Amino acid sequence: MSEDDAVLVIVDAANVVGSVPDGWWRDRRGAAVRLRDSLVPYATAGLPGAPGPVELVLVVEGAARGVASVTGVRVASAPGSGDDLIAELVAGAAPDRDRVVVTADRGLRQRVEAYGARCVGPRTVRPLPAPGDEGPQGVSGADPPDTP
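Below: a short report on this structure. Nothing here was measured: the structure is a model prediction, and the numbers come from that model.

We now examine the pairing of strand 4 (residues 54-60). Burial analysis of strand 4 places seven of its seven residues in the buried class, the great majority of the element. Both faces of strand 4 are covered, namely the face carrying Val 54, Leu 56, Leu 58 and Val 60 and the face carrying Glu 55, Val 57 and Val 59. Looking at chain direction, strand 1 (residues 7-12) and strand 4 are connected through six bridges and run parallel. When the sheet's bridge partners are listed, Val 9 is paired in strand 4 with Leu 56. Relative to strand 5 (residues 73-77), strand 4 runs parallel, the two being bridged by five bridges. Each residue of the ladder has a partner; that of Val 60, found in strand 5, is Ser 77.

So, about helix 3 (residues 82-92). Taken as a whole, helix 3 has its buried residues at Gly 82, Asp 83, Leu 85, Ile 86, Ala 87 and Val 90. Against strand 1, strand 4, strand 5, strand 6 (99-102) and helix 4 (106-113) lie the buried residues of helix 3. Among the residues of helix 3, the N-terminal cap falls to Ser 81, whose side-chain oxygen and the backbone nitrogen of Asp 83 are separated by 3.1 Å.

Moving on: the sheet that holds strand 7 (residues 118-120). Read from one edge of the open sheet, five strands run 5-4-1-6-7, paired in parallel fashion. Where the open sheet ends on each side, the last strands, each with one partner, are strand 5 and strand 7. Neighbour-to-neighbour, the strand axes of the sheet open up by a mean angle of 25°, direction not taken into account. Strands strand 1, strand 4 and strand 5 of the sheet are contacted by helix 2 (residues 28-45), whose axis makes an angle of about 170° with strand 4. Its contacts with the sheet put helix 3 on strand 1, strand 4, strand 5 and strand 6, and the angle it makes with strand 1 is roughly 175°.

With that settled, consider the pattern of salt bridges. For the coordinates displayed, the defined rule picks out six salt bridges. Note that Glu 55 and Arg 74 form a salt bridge whose closest N and O atoms lie 3.4 Å from each other. Of the two residues, Glu 55 sits in strand 4 while Arg 74 sits in strand 5, which places them 19 residues apart along the sequence. Residues participating in the shared-partner salt-bridge network are Glu 55, Arg 74 and Arg 97.

Time to look at the packing of aromatic side chains. Counted by the stated rule, this structure contains one aromatic pair. Seen in terms of ring centroids, Trp 24 and Trp 25 are 5.7 Å apart; in terms of plane orientation they differ by 80°. Their pairing is edge-to-face.

Turning our attention to the side chain of Arg 99. Mapped onto the elements, Arg 99 comes out in strand 6. The side chain of Arg 99 is buried and forms no salt bridge, while Asp 98, the nearest opposite charge, is found at 6.6 Å. Of note is the side chain of Arg 99, whose polar atom sits 3.0 Å from the backbone oxygen of Arg 97. If we ignore the near neighbours within four places in the chain, the residues touching Arg 99 are Leu 8, Val 90, Ala 93, Ala 94, Tyr 115, Gly 116, Ala 117 and Arg 118.

Turning our attention to the side chain of Asp 22. Mapped onto the elements, Asp 22 comes out in the loop between helix 1 (13-17) and helix 2. For Asp 22, a relative accessible area of 7% corresponds to the buried category. There is a polar contact of 3.2 Å between the side chain of Asp 22 and the backbone nitrogen of Trp 24. Polar contacts involving the side chain of Asp 22 include one to the side chain of Arg 126, which spans 2.3 Å.

Counted at 1.5 Å a residue, the expected span for helix 2 with its 18 residues is 26 Å, and the 27 Å between its end C-alpha atoms agrees. Where helix 2 bends most, at Leu 39, the angle is about 30°, and the proline Pro 41 comes one to four residues later. Every buried residue belonging to helix 2 is among Gly 30, Ala 31, Ala 32, Leu 35, Arg 36, Leu 39 and Ala 43, and all of these are buried. On its buried face, helix 2 is in contact with strand 1, helix 1, strand 4 and strand 5. In the stretch just after helix 2, Gly 46 is the one whose phi turns positive, near 80°.

Thresholds applied
- Residues numbered from 1 in each chain as written.
- Predicted model: local features only at pLDDT ≥ 70, side-chain atom pairs only at ≥ 80, totals over all residues.
- Heavy atoms only, no water.
- Buried < 20%, exposed > 50% of the residue type's maximum accessible area, 1.4 Å probe, protein only.
- Helix = DSSP H or I, 4+ residues; strand = E, 2+ residues; numbered from the N terminus.
- Pairing = 2+ DSSP bridges.
- Contact = heavy atoms within 4.5 Å.
- Polar contact = N/O pair within 3.5 Å; in protein donor to acceptor, adjacent residues only side chain to side chain.
- Axes fitted to C-alpha atoms, helices over the stretch in contact; angles between N-to-C directions.
- Salt bridge = Lys/Arg side-chain N within 4 Å of Asp/Glu carboxyl O.
- Phe/Tyr/Trp six-rings, centres within 6.5 Å; stacked < 30°, edge-to-face > 60°.
- Lys, Arg positive; Asp, Glu negative; His and termini not counted.
- Expected span 1.5 Å × (residues − 1).
- Bend = angle between axes of the 7 residues up to and from the residue.

So, in structure tokens, the structure goes:
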């Protein structure tokens, strides 16, 4: 199967990273690197409804720009809005190619669905941590309660 035949999966890094309150705001670039690395198995295995192998593109913006690609995950740094780059990638793909965008952003979903892409939510590639699990910076899956 050529890369042009594989399902094109585009991940909205800012939206997916922001879907789990694990301290990502303290190190946006590091959070994007961790997300990139966690996506590698999906390049071969695929996603529900998109069997592998898939072409996986992680779109980063802002402080996460410049994160390097790795085998299985191409990282695209948006010069401006990540949403604009995601829409461009979807629009620029062959119209008969299966395209999946991973985001919960309603506005972006509408834009890319107009080009024929399917959308799935962040939990497709980033399940919520189990209660009590510690995040990468030692932050549990939820914000700690205020103490009196």
